[in-house]
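# Examination of the molecular architecture
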Amino acid sequence: MGSKYTKRYTEEFKRDAIALVDSSGKTVTAVARELGISSESLRGWYREAKADRAEGAPSELTSAEREELKRLRKENREQQQTIEILKKAPPSS
């Protein structure tokens, strides 16, 4: 069975791994193998870094945009809950 433990990497480690992909000319998979990490993890970090540098696909969101979207969705959810509560409240006289 798979482990429930998820390895967390520091931002510095991620930046260094991304820089290694950029500077080495090796594939993401080759660099990931050398570092002993999942190629999918490194590929995700790399894609995110490219989007943050405006080098990704036009439809990809930057980290700041993803954070804002997350915040706005939470705010929207809270407002919808407030609206539902107010709809159920008896009218005030």
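Residues numbered from 1 in each chain as written. Predicted model: local features only at pLDDT ≥ 70, side-chain atom pairs only at ≥ 80, totals over all residues. Heavy atoms only, no water.

Quick look at the packing of helix α1 (residues 11-24) against helix α2 (residues 28-35) now. At their nearest, the axes of α1 and α2 sit 10 Å apart, and the two run at 130° to each other. One element, α1, and the other, α2, form an angle in the oblique class. Handedness of the α1/α2 crossing: right-handed. For the pair α1 and α2, contact is made by Phe-13, Ala-17, Leu-20, Val-21 and Ser-24 and by Val-28, Val-31 and Leu-35, respectively. Of the residues that constitute the contact of α1 with α2, the class distribution is 7 nonpolar, 1 polar and no charged. (Axes fitted to C-alpha atoms, helices over the stretch in contact; angles between N-to-C directions. Helix = DSSP H or I, 4+ residues; strand = E, 2+ residues; numbered from the N terminus. Parallel < 35°, antiparallel > 145°, perpendicular 65-115°, else oblique. Left-handed = near helix turned anticlockwise from the far one by under 90°. Contact = heavy atoms within 4.5 Å. Nonpolar A, V, L, I, M, F, W, Y, C, P; charged D, E, K, R; others polar.)

Tallying each qualifying case throughout the model produces 3 aromatic pairs. Note on Tyr-9 and Phe-13: the rings are 5.0 Å apart at their centroids and 15° apart in plane angle, and the pair reads as stacked. Geometrically, the ring pair formed by Phe-13 and Trp-45 is edge-to-face, given 6.3 Å between the ring centres and 90° between the ring planes. Here Trp-45 lies in helix α3 (residues 39-52) and Phe-13 lies in helix α1, a separation of 32 residues in the sequence. Here Phe-13 falls in the partly exposed class, since its relative accessible area comes to 27%. Exposure remark for Trp-45: the relative accessible area of 14% places this residue in the buried category. An aromatic cluster of three or more residues is present, and its members are Tyr-9, Phe-13 and Trp-45. (Phe/Tyr/Trp six-rings, centres within 6.5 Å; stacked < 30°, edge-to-face > 60°. Buried < 20%, exposed > 50% of the residue type's maximum accessible area, 1.4 Å probe, protein only.)

Attention now goes to α3. The end-to-end C-alpha separation of α3 is 20 Å, in line with the 20 Å expected for 14 residues at 1.5 Å each. Among the residues of α3, those classed as buried are Leu-42, Trp-45, Tyr-46, Ala-49 and Ala-51. In this structure, the buried side of α3 is in contact with α1 and α2. Between a side-chain oxygen at the N-terminus of α3 and the backbone nitrogen of Glu-40 the separation is 3.1 Å; the capping residue is Ser-38. Phi turns positive, to about 60°, at Ala-54, one or two residues after α3. (Expected span 1.5 Å × (residues − 1). Polar contact = N/O pair within 3.5 Å; in protein donor to acceptor, adjacent residues only side chain to side chain.)

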